[in-house]
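# Residue-level structural notes
Each chain is listed here by its residues.
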Amino acid sequence: MSKLNHDILYEIFQNLQDLININSNYLENSNKEINYKGFKRSQFSCLLVNKSWCEVMIPFLWSNPFKYGYMKSPLFETIISHLSDNSIKILKDKNIIRANFQKLKLSYNYIRFCKYFHDLHIFPVDSKKLLKEEIYKLFISECSSIKCLNSDMAHYPISKYPGANISLSNLYEIYCSNTIDQDFYYGLAQICRSIEEIYVRIYSEESSGIAELIEMQKQIKYVFIDGFYECKKITQALEKHANSIIHLETIKYTSVIHFLIPKLINLRYLKVNDNYCELKKYVIYLNHYNLQVLDLCFLPSLDIAINIIKNTNGNLWKIRIGNNKYYDKAKKYNQKIHKYCPNIKYVTVFLNRNGTLEELEKIFIKCQHLEAIYIDDEIKHEYIDKFLNLLLELAPLTLCKIHISYIDRCFNTNESLELFLINWDHHKGKKTLHLYSNYIKINKDIVHKYDIKDFWNDYFMDMNEYNSY
């Protein structure tokens, strides 16, 4: 294998790198057999096979070196060594770098391989603006194709640096804030056409530069909006990409967002985390036939989720309803799951009202792809024993993750919990069960023996498998 030619090696490493880039957060924090840190070690080992492997592997490692190196590390010295002798002299004269600094002898122009800067952590804590400016100029002039910028770069006129027309022309992902001088975004708007993923923090109505940057792109796919202002300019700019947007997350649900969402006819992922319940001001009747993931928090009424679910086309495979306070439609909600979501894998269910358990039984029968259920509220007391029996007798064989917020109220004793887990293990064909809870007040021996997990540390990492459209 060490004798494979460059083209084959490149394809192998490219596929490995794509896998890491797509799944890095998930793999690093999950219990999957594939280990992200093991991937990184394997990449470094490839450098040592022979010269050919090293030449092919260097561009991949240096596409995002900031994942591996941090401030005051050898990475910083390597990057500084790419600066011109004149720049090094200026930085020494101003006491920005140490007077005895000697440039390293470099085997490659490593900088030209850099693409991703969102994890940029190379600067010493007391870095001066001139140091950053020199390094950012270096990146812009030498990098062949930057995909993602660091938010700190927005404080520098990088679009005016030599080489910007080339290095920024393939920018894919950007973080925007309208606290930044809008001229920065106007500058990028003249260069960038390939941005597909955009994060926008809105703190005022002035966002004309961001709006123009959005308008100038060929197709925006992933949109993340945070802030407390109704910025019509940004929303109007996003409307141009209504057919291409497949992913929308917003912290504040405003009237402007309300009028945008129905136009996103190809939306696959919708998350609204509206802490101030602005959702109650608007009624959503969406026809999102391609919607796959629905994540709603702080709902004033389950009617909102119900209306969305029944106007999809059976493609939903994850539904999370968080911090809900109004459960009067809990039975109807559970009913819509088994009626409209045959492909559901991860779902919030309610067992706190009459009739909800019967609807859960139908979910178990009709939704044979179910892998995880999330119960965020107390279970109706008289349902507890029936619920546990239902899990043992009717739950799909695919079910392996259960979150019960108040697990100690579901299992009054340690013995009842252990008996349930033993019975689960004895059922032929059932997968290993992973239990989660917000409040683990049960015997620690049982927690370790059956690997019961703390909700906040583990549950969301296992549940967020939605990035593989």
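Here's a quick rundown of the structure. The model shown is predicted, which means the values in this text are computed figures rather than measured ones.

Thresholds, definitions, all that
Residues numbered from 1 in each chain as written. Predicted model: local features only at pLDDT ≥ 70, side-chain atom pairs only at ≥ 80, totals over all residues. Heavy atoms only, no water. Helix = DSSP H or I, 4+ residues; strand = E, 2+ residues; numbered from the N terminus. Buried < 20%, exposed > 50% of the residue type's maximum accessible area, 1.4 Å probe, protein only. Contact = heavy atoms within 4.5 Å. Areas by Shrake-Rupley, 256 points an atom, 1.4 Å probe, with all protein chains shown as cover. Core = buried A, V, L, I, M, F, W, Y, C linked by side-chain atoms within 4.5 Å. Domains from an automatic or database assignment. Axes fitted to C-alpha atoms, helices over the stretch in contact; angles between N-to-C directions. Parallel < 35°, antiparallel > 145°, perpendicular 65-115°, else oblique. Left-handed = near helix turned anticlockwise from the far one by under 90°. Nonpolar A, V, L, I, M, F, W, Y, C, P; charged D, E, K, R; others polar. Pairing = 2+ DSSP bridges. Right-handed = clockwise from strand over helix to strand, strands pointing away. Patch = residues over 30% accessible without salt bridge, like charges linked within 9 Å, V, L, I, M, F, W, Y side chains within 5 Å. Salt bridge = Lys/Arg side-chain N within 4 Å of Asp/Glu carboxyl O. Arc of directions from axis to C-beta.

We now examine the overall build of the protein. In terms of helices and strands, the protein carries 19 helices and twelve strands. Each of the 469 residues in the protein was classed as buried or not, and the buried ones make up 54%. Residue pairs at least 24 apart in sequence account for 67% of intrachain contacts in the protein once pairs closer than 6 positions are excluded. For the protein, the accessible surface area stands at approximately 22600 Å², while carbon and sulfur atoms represent 49% of it.

Attention shifts here to the environment of Asp183. Mapping Asp183 onto the fold places it in helix α8 (residues 182-189). Separated by 27 residues in the primary sequence, Asp183 and Ile210 place their C-alpha atoms 9.2 Å from one another.

Let us look at the nonpolar core. Soluble globular proteins tend to pack their nonpolar side chains together in the buried interior. Judged by nonpolar contacts, the single largest core of 125 residues is most densely connected at Phe139, Ile319, Tyr333, Ile373 and Phe387. Counting only domains with at least three residues in this core, you end up with domain 1 (9-14 + 36-62) and domain 2 (302-460). Residues Trp53, Met57, Phe60 and Leu61 belong to the second largest nonpolar core, which totals six residues.

Moving on, we come to unusual backbone geometry. The backbone phi angle of Asn95 is positive, close to 60 degrees, even though this residue is not glycine. Mapped onto the fold, Asn95 is located in the loop between α5 (85-93) and α6 (129-142).

Let's shift gears to the packing of helix α12 (residues 303-310) against helix α13 (residues 330-340). The geometry of α12 relative to α13 is characterised by a closest axis approach of 10 Å and an angle of 15 degrees between their N-to-C directions. It follows from the interaxial angle that α12 and α13 lie roughly parallel. Both α12 and α13 take part in a crossing whose hand is left-handed. Counting all contacts with α12, which are made through Ala305, Ile306, Ile309 and Lys310, the residues of α13 involved are Lys332, Tyr333, Lys336, Ile337 and Tyr340. Across the contact of α12 with α13, the residue classes tally to six nonpolar, no polar and three charged.

The contact between helix α14 (residues 356-366) and helix α15 (residues 384-393) brings their axes to 11 Å, and the two run at 5 degrees. Taken together, α14 and α15 sit at an angle that is classed as roughly parallel. Along the contact surface, α14 presents Leu357, Leu360, Glu361 and Phe364, while α15 presents Lys386, Phe387, Leu390 and Leu391. Split by residue class, the contact of α14 with α15 holds six nonpolar, no polar and two charged.

Attention now moves to the pairing of strand β1 (residues 173-177). The side chains of a regular strand alternate, residue by residue, between the two faces of the sheet. The buried count for β1 comes to four of five residues, which makes it a mostly enclosed element. In this sheet, strand β2 (residues 197-202) lies alongside β1 in parallel orientation, the contact comprising five bridges. Note on β2: the bridge partner recorded for Ser177 is Arg201. With α8 bridging β1 and the parallel β2, this β-α-β connection has right-handed handedness.

For the rest of this paragraph, the subject is a nonpolar patch on the surface. A cluster of nonpolar side chains, contributed by Tyr203, Phe228 and Tyr229, occupies part of the molecular surface with about 320 Å² of accessible area. With respect to the helices and strands, the residue Tyr203 is situated in the loop between β2 and α9 (208-215).

Turning next to α14. Taken as a whole, α14 has its buried residues at Thr356, Leu357, Glu359, Leu360, Ile363 and Phe364. All buried residues of α14 fall inside an arc of 155 degrees around its axis, so they share one side.

Three or more residues of α5 are buried, namely Ser87, Ile88 and Leu91. Buried positions in α5, seen along its axis, are confined to an arc of 100 degrees and lie on one side of it. Opposite the buried face of α5, at more than 90 degrees from it, the exposed residues are Asp85, Asn86 and Asp93. Looking at the packing, one finds that the buried side of α5 touches α4 (74-80) and α6.

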